[in-house]
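An overview of the molecular structure
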Amino acid sequence: MADFEDEWQESEPLAVAAPPPRTHHARVFRPNTGPSARGSRGRGSGTDFGWRERDSRDNRNTGNRNWRPVEEGNRKVMTIPSTKVGRVIGKGGSKIRDLEYESEAKIQIGDSSGYETELTLVGSESAIAKVEELINSLIEDYKPPQQESSSNSNKASGNSVTTSFYKTNEFGVQVIDWEKLNKQYDEQQKMRYDSLPPIVKDFYKEDPQVAAMSPGDVSRWRKANNDIQVKRTFDDKPGLRPIPNPVITFEQAFQHYPEILDEIYKQGFTQPSPIQSQAWPILLRGEDMIGIAQTGTGKTLAFLLPALIHIEGQTVPRDQREGPTVLILAPTRELALQIDKEVSKYSYRGITSVCLYGGGDRKEQIKVVSKGVDIVIATPGRLNDLIMARHLNIINFSYIVLDEADRMLDMGFEPQIRKSLFDVRPDKQTVMTSATWPNGVRRLAESYMKDPIQVNVGSLDLAAVHTVTQKIQFVEEDDKEAVLLEFIQNMEPTDKIIIFCGKKATATHITTDLACKGIECQSLHGDREQSDREAALADMVDGTVNILVATDVASRGIDIKDLTHVVNFDFPRHIEEYVHRVGRTGRAGKTGIALSFVTRKDWAHAKDLIKILEEANQEVPGELEQMAERFEAMKLRKEKEGGGGRGRGRGGGRGYNRY
Ligand code: AMP
């Protein structure tokens, strides 16, 4: 996981005793949302920081990263509970820097009396007022309004409300009454959610021709379009609406949104992709949806266009909302940036987006968020960071996309996702995409989705690998480098290749080795700075280099036009990854070649690999079949011995076609 994301943890509060109760005025934290700040909306074009819409009038926004707040001016001392000082400082001082940056005041942490700590605020009168407000918001924990009727006895006795959550158990000991506490929490949450503006979700008017499709027409169409399968993921409860028919044309989906249609026409697409045909009616109708689909199937547009209509269709005008409306979570920076790029191709009513990812300029990202955007595209680590630092409030999002959910879980992001979505509104619309359907993804769907409809577009995106000639080369581990070098020396000048390695260290080693031999190449893996990774991709895309050495950070989502070859220097650990890697070539109507080095250590994958090769009408080497047989025999032997060996061998265990 550390390959892809800068880990974030909230700084620990200082270890002092609890302070006496104290009132801090409550408000939802949303810095700089006044009408003037949000009045400057409009689609910008800059994407160099992965975000758009910057305010050129702000003299701090000059790219000067050394900006410091003034150290002179008025002074004001405020006190805060010592337990909250950590929150003001933030990890490595990140929060205090943000506060200073936003307010233009200087904050000095002063003496602590144990319970309380003094902060000296320095700057102009308005800067001090601003920073004081920001700090108060930051240290304010949500205190729900007390219900008049429920706590009369406490009020009368002067007790604090919390004392009523103790009960005496059978041993006469006072213990917390969890049942009561949870009930009150649920009631308070409900009150919070009830106070929010309702979400408008249904924007769909079915075209008469679509409505007239017979069940036979629908199933024939689905069969002919990647064998799409559509069903309610969980119980098909009574009262749920039937699954809508697919749309066959763009007009059938968006005839009531001519500006969206114009944007599609600009792209020169001829017809909806299978996932789009089925997803648009579902999502425009406001239903939750799980798309079992991969990059290359048009899934981004499948969830994006309904998102644009959702944003525009809410009752509260965009410039009066408390925060962004749409959240798209993606597993890697590269994928987040790619989605951002896709979003930027569609201009609709000045809707703006920001891309938040670890390694990007945090301060700039915060600035854009606080100015007001409609769509947030984020990696889980950075999203969590900004939510915990209260730059974003998850409760404001009403359309949430978890893109490549299986990959996010594989990368260990579940805790960040759950932490970020903790306070999410239950009536939001949720979309999830995933290439596979493992238990973890199912659990995520159960937690955050309501009666989702699942659209499967083929078990794996095998269509993508049908245009690729897949070759297998059996090698000894020690011979791999020599074989690779021979391959590179035989490349045509117009060839463009990605070499996939299992480890960052291997990728670095190969890149260095090739460079020493005078062969120009680039590398893409998690140990590289974000700017270097972006430069590596750009070099490949514009042809500055034609060899990219990468780890699986590049196996999904990366779209390099004219890639002719994929070389699997190390066979991937999961067979799904093989399909993703191979699918980097043979795109957009072109053909490609994939060459995979297979060593005896890779025998656990032989059987799955054979299935993929057979499905794509490729030659299956006899040696691969023998390898698969040997592995199966070993598994049987182990099972008979009862030795607990599940026969996975190295890296096995995640089967092909598991949903
Ligand atoms: P995605 O699966 O979202 O990564 O999309 C892969 C590529 O397909 C992107 O470059 C899209 O612009 C393109 N695309 C999306 N929808 C269509 C469509 N209906 N017809 C042709 N290309 C499309």
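Scroll up to find the structure this text is about.
Residues numbered from 1 in each chain as written. Predicted model: local features only at pLDDT ≥ 70, side-chain atom pairs only at ≥ 80, totals over all residues. Heavy atoms only, no water.

Turning our eyes to something else, we now look at the overall build of the protein chain. Assigned secondary structure in the protein chain consists of 25 helices and 19 strands. Here the protein chain, with 659 residues, has 53% of them falling under the buried criterion. Partitioning the contacts of the protein chain with sequence separation of at least 6, the portion at a separation of at least 24 is 77%. Surface summary for the protein chain: the accessible area is close to 30000 Å², and the carbon and sulfur share equals 50%. (Helix = DSSP H or I, 4+ residues; strand = E, 2+ residues; numbered from the N terminus. Buried < 20%, exposed > 50% of the residue type's maximum accessible area, 1.4 Å probe, protein only. Contact = heavy atoms within 4.5 Å. Areas by Shrake-Rupley, 256 points an atom, 1.4 Å probe, with all protein chains shown as cover.)

As a further point, take the pattern of salt bridges. This model, assessed by the stated rule, comprises 33 salt bridges. Notably, a salt bridge pairs R241 with D202, separated by 3.6 Å at the nearest N-O pair. Of this pair, R241 sits in the loop between β6 (229-232) and α9 (250-254) while D202 sits in the loop between α6 (178-194) and α7 (208-211), and the two are 39 residues apart along the sequence. Through salt bridges that share partners, E259, E312, R318, R349 and D374 make up one connected network. (Salt bridge = Lys/Arg side-chain N within 4 Å of Asp/Glu carboxyl O.)

Where helix α20 (residues 480-489) contacts helix α21 (residues 504-516), the two axes come as close as 12 Å, and the packing angle between them is 50°. As the angle between them shows, α20 and α21 are arranged oblique. Our pair here, α20 against α21, has a crossing hand that is right-handed. Facing α20, whose interface residues are E481, L484, L485 and I488, α21 presents H509, I510, D513 and L514. Its residues assigned to classes, the contact of α20 with α21 comprises 5 nonpolar, 1 polar and 2 charged. (Axes fitted to C-alpha atoms, helices over the stretch in contact; angles between N-to-C directions. Parallel < 35°, antiparallel > 145°, perpendicular 65-115°, else oblique. Left-handed = near helix turned anticlockwise from the far one by under 90°. Nonpolar A, V, L, I, M, F, W, Y, C, P; charged D, E, K, R; others polar.)

Before going further, it helps to examine a nonpolar patch on the surface. Taken together, the side chains of Y166, I176 and W178 present a nonpolar region at the surface, about 330 Å² in accessible area. Here I176 shows up in strand β5 (residues 174-176). For I176, a relative accessible area of 35% gives the class partly exposed. (Patch = residues over 30% accessible without salt bridge, like charges linked within 9 Å, V, L, I, M, F, W, Y side chains within 5 Å.)

So, on to the nonpolar core. Core analysis: the biggest nonpolar cluster contains 54 residues, and F254, I260, L305, L308 and I375 have the highest contact counts within it. Among the elements that line this core, the one with the most residues is helix α12 (residues 299-312), at 9 residues. In this view, I375 contacts L304, L308, I311, V326, I328, V343, I351, T352, S353 and V354; residues no more than four positions away in its chain are not counted. Grouped together as the second largest cluster of nonpolar side chains are 35 residues, M408, F413, I417 and W437 included. (Core = buried A, V, L, I, M, F, W, Y, C linked by side-chain atoms within 4.5 Å.)

These figures come from the coordinates and say nothing about function on their own.
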